[in-house]
Amino acid sequence: ITAEERDTAKTVDVLATVKPRKPKYEGIKAPYFVLTAKEQLEEQFGAETVKRGGWRVTTTLDMKLQDEAEKQVQAGLPQIKRQGGDTAAFAAEDVSTGQMVALVGGVDFSNPEFGQNNYARIKLPPGSSYKPYDYAALIENKDNFGAGSVLYDTQGPLEGYPCTNKNRPKQGGNCMWDYDFRYPGPMTLRYALGGSRNVPAMKAMLLTGIDKTIETSEKLGLKSGYNCYTDDNLTKEGPCYASSSIGDGAYLKLDEHVHAQGSLSRMGTNIPQAYILKID
């Protein structure tokens, strides 16, 4: 270059023109939903094909409901923190179509440490929300049970709980207890479910069979399964025990859980779950 061009170049503040790198997904709306839809595309067409792009994808997202879902996740966070948690997830489906209308995988997608962990798609223990499957499986697989049938919510031995020490768990007891530490006795299935009773739920699974109950829930929509593991990293599957009837020691994905619960509202009909409406 010429001396004049050199001198002109020196007057340019190059560093001032450098812009900081923006986060990969900056400005994206409903990021957990969008990335889950992308995941579904990759399952259908392959990651390399999706990477090339060129499609116009219409999802099943309802932005009004998505905004409400995100609002409710934030509103519920103080209660979650009081209980020792630090994040939350939300999934909603139109049960008439199987189309997902909202999905929130965490409280802060931009968090560099855990923001992109989609807890609506990561396997987690469902707790008492698994109990509807216990009773559905019992009714489906046994000829003499219905919503008005009775199971006894009483203290006594159950598989995995020998009940030789009737103290409460914190005092060394080994019986299965309900959350209120009471045993009200005979109870219909509908009231046992409505009251989220532990003992009847476990009895329902044992009457049906652990594997048969899990199989029923998977047929309803737990596509990735309801699995138990022998390691903390959830890589080695092992047998499930009766405690899985109350959502303890077994894992599922929230969005599939919502879909399977939707199947119950469809009188047991499992239709395809969808995040994508059409592709042009």
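This write-up is about the structure you can find in this document. If you're wondering where the values come from, they're calculated on a predicted model, not measured in any experiment. (Residues numbered from 1 in each chain as written. Predicted model: local features only at pLDDT ≥ 70, side-chain atom pairs only at ≥ 80, totals over all residues. Heavy atoms only, no water.)

A few words on the overall build of the protein chain. On a plain count of helices and strands, the protein chain comes out with ten helices and eight strands. A compact globule built from 280 residues should have a C-alpha radius of gyration of about 19 Å, whereas the protein chain, at 25 Å, is more than 25% larger. When the backbone C-alpha atoms are referred to their principal axes, the protein chain occupies close to 95 × 45 × 35 Å. The buried share of the protein chain, reckoned over its 280 residues, is 38%. Once local pairs closer than 6 in sequence are excluded, the contacts in the protein chain between residues at least 24 apart make up 67%. (Helix = DSSP H or I, 4+ residues; strand = E, 2+ residues; numbered from the N terminus. Rg over C-alpha atoms; globule rule 2.2 N^0.38 Å. Buried < 20%, exposed > 50% of the residue type's maximum accessible area, 1.4 Å probe, protein only. Contact = heavy atoms within 4.5 Å.)

To continue, consider helix α3 (residues 31–45). For an α-helix, the turn length of 3.6 residues means that residues three or four places apart are oriented alike. Given a rise of 1.5 Å per residue, 15 residues ought to cover 21 Å, and the 21 Å separating the end C-alpha atoms of α3 matches this to within 8%. Every buried residue of α3 is accounted for by P31, Y32, F33, T36, A37, Q40 and L41. Positive backbone phi, at 95°, marks G46, one or two positions downstream of α3. (Expected span 1.5 Å × (residues − 1).)

Turning next to unusual backbone geometry. Look at C163: it is not a glycine, yet its phi comes out positive at around 60°. Examined against the element boundaries, C163 turns out to sit in the loop between β4 (150–153) and β5 (185–188). By relative accessible area, which is 9% here, C163 ends up buried. Positive phi, close to 60°, is recorded for M267, a residue that is not glycine. With respect to the helices and strands, the residue M267 is situated in the loop between α10 (254–265) and β8 (276–279).

Moving on, we come to the packing of aromatic side chains. One pass over the structure, following the stated rule, counts eight aromatic pairs. Ring centres 5.1 Å apart and planes at 90° place the aromatic pair Y32 and F109 in the edge-to-face group. Pair noted here: Y32 is in helix α3 and F109 is in the loop between β3 (99–104) and α6 (131–141), with a separation of 77 residues, a long-range link. Across this residue pair, the class does not change: Y32 and F109 are buried. Ring centres of Y229 and Y251 lie 5.9 Å apart, and the angle between their planes is 65°; on these two criteria the pair is classed as edge-to-face. Of this pair, Y229 sits in strand β6 (residues 228–229) while Y251 sits in the loop between β7 (237–238) and α10, placing them 22 residues apart in sequence. (Phe/Tyr/Trp six-rings, centres within 6.5 Å; stacked < 30°, edge-to-face > 60°.)

Summarising the element assignment, D231 is placed in the loop between β6 and β7. The buried charged residue D231 lacks any salt bridge, with K236 as its nearest oppositely charged partner at 6.0 Å. Of the polar contacts made by the side chain of D231, one reaches the side chain of T235; its length is 2.5 Å. (Lys, Arg positive; Asp, Glu negative; His and termini not counted. Salt bridge = Lys/Arg side-chain N within 4 Å of Asp/Glu carboxyl O. Polar contact = N/O pair within 3.5 Å; in protein donor to acceptor, adjacent residues only side chain to side chain.)

By size, the foremost hydrophobic cluster in this structure holds 29 residues, and its most contacted members are Y130, Y135, L151, M176, I214, L222 and Y226. Elements with a minimum of two residues in this core: α6, α7 (189–194), α8 (198–208) and α9 (210–220). The leading source of residues in this core is α8, at five residues. Here Y130 is in contact with M205, T213, I214, S217, L222, Y226, S244, S245, G247, L252 and H257, once residues within four sequence places are set aside. (Core = buried A, V, L, I, M, F, W, Y, C linked by side-chain atoms within 4.5 Å.)

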